[in-house]
Amino acid sequence: MMSAADKKNIQREFKEEMDYDELLNCMRCGFCLPSCPTYIETGHQEKHSPRGRIALMKGVADGLIEPDDDLAHSLDVCLGCRACEPVCPSGVQYGHLLEDARTILQRNKRQTVGVKMLRKGIFDELFPRQDRMEKVTGLIGFYQRSGLSKVARKVGFMNLFPESMATMEKVLPEVPKRSVMKQRPRFFEHEGEKKATVALFAGCLMDTMFFDTNNATIKLLRKAGCDVLIPENQLCCGALHGHNGELEKSKQLAKQNIEAFEAAEADYIITNAGGCSAFLIDYDHLLKDEPEWSERAKHFVGKLKDISRILVELDFQKTHRLQLPDQIITYQDSCHLRNVMKTFNEPRILLKAIEGVHFVELEGADTCCGSAGDYNIVQPEMAMQILDHKMEKVADTCAQIIVTANPGCLLEMKLGVERAHKSNEVRAMHIADVLVEALVNE
Amino acid sequence: MPLHSEKRLNKLKAQLIEIAGNENVDDTTSGRLVYSYDATPNFQALPEIVVAPRTAEEIAAVLKVCAETSTPVYTRGSGTNLCADTCPLKGGIVLLMKHLNKILELDKENLTITVQPGTITKEISDLVEKDNLFYPPDPSSMKISTIGGNLAENSGGLRGLKYGVTKDYVMALQVALPNGELIRTGGKLTKDVAGYDLTHLFVGSEGTLGVITEATLKLIPKPESQKTILALYQDIEAAGRSVSAIIAHKMIPVTLEFLDQDTIKAVEDFAHIGLPTNVKAILLIVQDGPQEIVDRDIHKIAEICRGEQAVDVRLASSAEEAEELATARRSALSALARLKPTTILEDATVPRSEIAAMVRAIAEVAQKYHVRISTFGHAGDGNLHPTCLTDARDEDEMSRVEEAFAEIFEKAIELGGTLTGEHGVGVTKAPYLEWKLGKAGMEVMRGIKQAIDPSGVMNPGKVFADKTKERTATIK
């Protein structure tokens, strides 16, 4: 519960810190409403729509209403998928408003010591420290390899967790040994004609839990004619922090990443995680008030590309034969890759280029699957409702593979397959892994 | 200022809960704030309670309670209104239509569709087109707006020129009245002269008489084919003259839209579809019907445009490109909002022969009052949307904006036109309504209002102004 003093503080900070011009930029036409998954899923509740949330933020900034727990709840329920942005004719930067509002609310939250410690542990000590990410995911690997996971499942240990988390545990990919992760080189040479030098943004989760997908990404880049660097000292992109009201920590991470990639002097910075790339591409906005960083951030942002985009630009699908056994494939957009990076044609072009594959467009592929960063952990009910509706649409495609382009979406799709009891018939895969599997003569 | 004492408010809340159920009555701060506005700039007021009834009977029961307790009722669909009709200016309750969102019947023998008021307009349009039928009214907000809102406002759209507006497609209604009665008007009948035409009294009544709880709409066969052209101009009056010339040549296209340079630039900035931003005006012209006739008409229209100094006439190469152009045009108002903090839009309408004169008058008024006005709109049916780009925080400019619009209204009426073609009177045009209707006309309206809503609870503060705006001496 917010105390009177909390409310007063929050109100003052909304007045002082929220971008009022951006709040005014929303002219309340409602063009965003049909694009908002939570508005649709809640049966058209305006407080769960972008227009409603912006009105609530402005209401507090204007002093028309006091902030309260209902308002915080409305902001919490937002997936942050930003599907409202491309459809907004006025160009309202909803994602930025949401981040700013969440930062203010987070700062004023009264949390138990336990929650505070946990948040500090996750946001300060774990995600910004790649060595620790390796250790923690390494523990997951040990847990999987040792047979402990089987024991835990047998004795029902996972039943102590919310249903979604318990199912999630089953679908986690097999984490490689730390020693394997440690041994990977930092430079890979191009194959065939050289076309570009790229630096891979390896990502904290991608480079641990999805280590193999990163390896697949490197392989594709080399085959497309790229020298691939993996700059040292790169860290988590900071998205998780930004989306959870920890913007200051995001800024620190942004600066370290900018520095790490400046040293690489690559033509492009490549990501294979839509969620990370959408946060990376906002670094110039994140650091706009720091003159010594804003130019460097712009330079960084200018080099950013998703793996599927660079592959298409380098004609990878035309210069390499891709083939898979006859089957139906469908694609679920990563919201941030689509709505922020504006990359949505390229993955489809690549998948359609695979011989033997019948590509079926998923109805509503452009709407969120419910993963949304850590949303499925903090808002499990809404997340599962969205996911189950998504899986009904997936079933309509009769696809044997659901392809995604972001680790969160990938886990969510795996979770959806598991929940629908289809793990024997349907695979959820990252696009890089699909393409490597489809490479002929490998 | 609260309308009700806390005790009375609690009693009202209990009555509403008894009718609509606990989960459908909301008096939380957030719950009320998000229904305190619509798409009209500068209007906001919190209702005291938000209620979402599940049936027509529940709506009638709510209205009865409101009439008995003198509680204002503001009916709301998706809140895309442009004259503040959905804004609860005098508190009271906001009545949500979200539960009444079903399509009840598609009658392929009588070519009608019966729907509940909370149905999204585009859902109706999409559904009937699957059966090669056509529901022509297409307000720009059709992806978001509800049919109930379209009916209450008698909405127009891009296809008004050839096919008319919402009222031309309404055959029957069910309406809840403030006395708690539910009435049915009209029927699936082309001919029906039994009594006053109550159907068309409620269409366009802006929520000031009752609540439409069900509607039967007329459908027509879907046109076989369609073609779209863009005519580009370096002189906006030449574009205006083209519009009048097309009509004078007895050509009635489906759509004949005008966009000025500001609008073109803003729309292109949003949609990125390659609109030419270096021209002063565009006409977006669509014709539909049998292929040969469409080809012939489009050819002739292109010739007329060239004859009126169009610098270029382009044909959309595919159905997708045509759809992109129409979608881009629908975004015009909201796209203009990216240019300045506040966009104030009006829809003064003139006989189509006067379009060029109106375009010129708008430009003169903008210059006279030092305000920035961009114009787009349904030029073919004389319905322009002069949009003022301003900043609500600048009081001096806002008063000039008001004067500028007053003069535009004067000019429109002088040219034989009207204050509003499709957005409604609401709050924004209420002070000017008497200019159009005259004192005696207003008295007739008041008499009707008194007969149906004697306690004055239906959308109070709208259509009927406390005071009529004084006419300026500069014109007339």
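Described below are features of the structure shown in this document. Note that this is a predicted model, so its numbers are computed, not measured.

### Focus on the overall build of chain A
Logical step 1: Counting its regular elements, chain A contains 25 helices and 9 strands.
Logical step 2: Intrachain contacts of chain A at a sequence separation of at least 6 include 79% that bridge at least 24 residues.
Logical step 3: By element, 52% of the accessible surface of chain A is carried by carbon and sulfur atoms, the whole surface being about 18600 Å².

### Looking at the pairing of strand β3 (residues 226–229) of chain A
Residue and element names in this part refer to chain A.
Logical step 1: Of the two faces of β3, the one holding Cys226 and Val228 and the one holding Asp227 and Leu229 are both buried throughout.
Logical step 2: As paired elements, strand β1 (residues 187–188) and β3 share 2 bridges and run antiparallel to each other. In the strand pairing of β3, Phe187 is matched with Leu229.
Logical step 3: Here 4 bridges tie strand β2 (residues 196–200) to β3, and the two strands are oriented parallel to one another. For Val198, the partnering residue across the bridge sits in β3 and is Val228.

### Things to note about the interface of chain A and chain B
Logical step 1: Each partner contributes to the interface: chain A provides 32 residues, whereas chain B provides 33 residues.
Logical step 2: Seen at the junction of chain A and chain B, the total is 1 salt bridge.
Logical step 3: When the shortest N-O distance is used, the salt bridge between Asp21 of chain A and Arg393 of chain B registers 3.1 Å.
Logical step 4: For the side of chain A that touches chain B, the elements supplying multiple residues, two or more each, are α2 (20–25), α4 (50–62) and α5 (69–77) of chain A.
Logical step 5: Top element by residues in the side of chain A that touches chain B is α4 of chain A. It accounts for 5 residues.

### Here we look at the pattern of salt bridges
Logical step 1: In the structure shown here, the tally under the stated rule is 61 salt bridges over all chains.
Logical step 2: One salt bridge connects Asp333 of chain A with Arg338 of chain A, and the closest N-O pair in it is separated by 2.9 Å.
Logical step 3: With its nearest N and O atoms 2.7 Å apart, the salt bridge here joins Lys227 of chain B to Asp295 of chain B. Of this pair, Lys227 of chain B sits in strand β12 (residues 225–233) while Asp295 of chain B sits in helix α10 (residues 291–307); the two residues are 68 residues apart in sequence, bridging distant segments of the chain.
Logical step 4: Take Asp295 of chain B: its relative accessible area is 32%, and that puts it in the partly exposed class.
Logical step 5: A network of salt bridges, in which partner residues are shared, links Asp333, Arg338, Arg348 and Glu361 of chain A.

### Structural notes on the nonpolar core
The nonpolar side chains of soluble globular proteins are, as a tendency, buried together.
Logical step 1: Within the largest apolar cluster, 98 residues are counted, with the highest numbers of intra-cluster contacts made by Tyr283, Phe300, Ile329, Leu351, Ile354 and Val434 of chain A.
Logical step 2: Discounting residues that sit within four places of it in the chain, Ile329 of chain A has contacts with Leu324, Leu351, Val357, His358, Phe359, Val360, Ala399, Ile401, Val403 and Val434 of chain A.
Logical step 3: One finds Tyr39 and Cys78 of chain A together with Tyr74 and Leu96 of chain B within the second-largest nonpolar core, a separate group that totals 65 residues.

### Re the packing of aromatic side chains
All names here are of chain A.
Logical step 1: Using the criterion set out here, one finds 9 aromatic pairs over all chains in the structure.
Logical step 2: Seen in terms of ring centroids, Phe261 and Phe300 are 5.9 Å apart; in terms of plane orientation they differ by 80 degrees. Their pairing is edge-to-face. With Phe261 in helix α14 (residues 247–264) and Phe300 in helix α17 (residues 291–302), this residue pair connects regions lying 39 residues apart in the sequence.
Logical step 3: Phe261 sits in the buried class, given a relative accessible area of 4%.
Logical step 4: Clustering of aromatic rings is evident, with ring pairs tying together Phe201, Phe261, Phe279, Tyr283 and Phe300.
Logical step 5: The ring of Trp293 has Arg296 lying over it, and the distance from NZ or CZ to the ring centre is 4.3 Å.
Logical step 6: The aromatic ring of Phe344 is capped on one face by Arg338, whose charged end is 4.4 Å from the ring centroid.

### As for the sheet that holds strand β4 (residues 268–271) of chain A
Logical step 1: Pairing in this open sheet of 5 strands is mixed, and the strands run β1-β3-β2-β4-β5 (chain A) from one edge to the other. Edge positions in the open sheet fall to β1 and β5 (304–306) of chain A, since each of these has one partner strand only.

### Section: the sheet that holds strand β7 (residues 355–359) of chain A
Residues and elements named next belong to chain A.
Logical step 1: The sheet built from 4 strands is open, its strands ordered β7-β6-β8-β9 with parallel pairing. Either end of the sheet is taken by a strand with one partner, and the two such strands are β7 and β9 (427–430). Sheet twist, expressed as the mean angle between neighbouring strand axes with direction ignored, is 35 degrees.
Logical step 2: Sheet topology note: the strand β6 (residues 323–331)/β7 ladder contains 4 bridges and is parallel. Pairing of Ile329 across the sheet is with Phe359, part of β7.
Logical step 3: In the packing of helix α25 (residues 431–438) onto the sheet, contacts are made with β6, β8 (401–404) and β9, and the angle to β9 comes to roughly 95 degrees.

### Some words on the environment of Thr119 of chain B
Residues and elements named next belong to chain B.
Logical step 1: Inspection of the secondary structure assignment puts Thr119 in the loop between β6 (112–115) and α4 (121–129).
Logical step 2: For the pair Thr119 and Ile103, spaced 16 residues apart in sequence, the C-alpha to C-alpha distance is 7.0 Å.
Logical step 3: Filtering out sequence-adjacent residues up to four positions away, Thr119 remains in contact with Leu100, Asn101, Lys102, Ile103, Ile124, Ser145, Thr146 and Ile147.

Parameters at a glance
- Residues numbered from 1 in each chain as written.
- Chains lettered and ligands numbered in written order.
- Predicted model: local features only at pLDDT ≥ 70, side-chain atom pairs only at ≥ 80, totals over all residues.
- Heavy atoms only, no water.
- Helix = DSSP H or I, 4+ residues; strand = E, 2+ residues; numbered from the N terminus.
- Contact = heavy atoms within 4.5 Å.
- Areas by Shrake-Rupley, 256 points an atom, 1.4 Å probe, with all protein chains shown as cover.
- Buried < 20%, exposed > 50% of the residue type's maximum accessible area, 1.4 Å probe, protein only.
- Pairing = 2+ DSSP bridges.
- Salt bridge = Lys/Arg side-chain N within 4 Å of Asp/Glu carboxyl O.
- Core = buried A, V, L, I, M, F, W, Y, C linked by side-chain atoms within 4.5 Å.
- Phe/Tyr/Trp six-rings, centres within 6.5 Å; stacked < 30°, edge-to-face > 60°.
- Lys NZ or Arg CZ within 6 Å of the ring centre and 35° of its normal.
- Axes fitted to C-alpha atoms, helices over the stretch in contact; angles between N-to-C directions.

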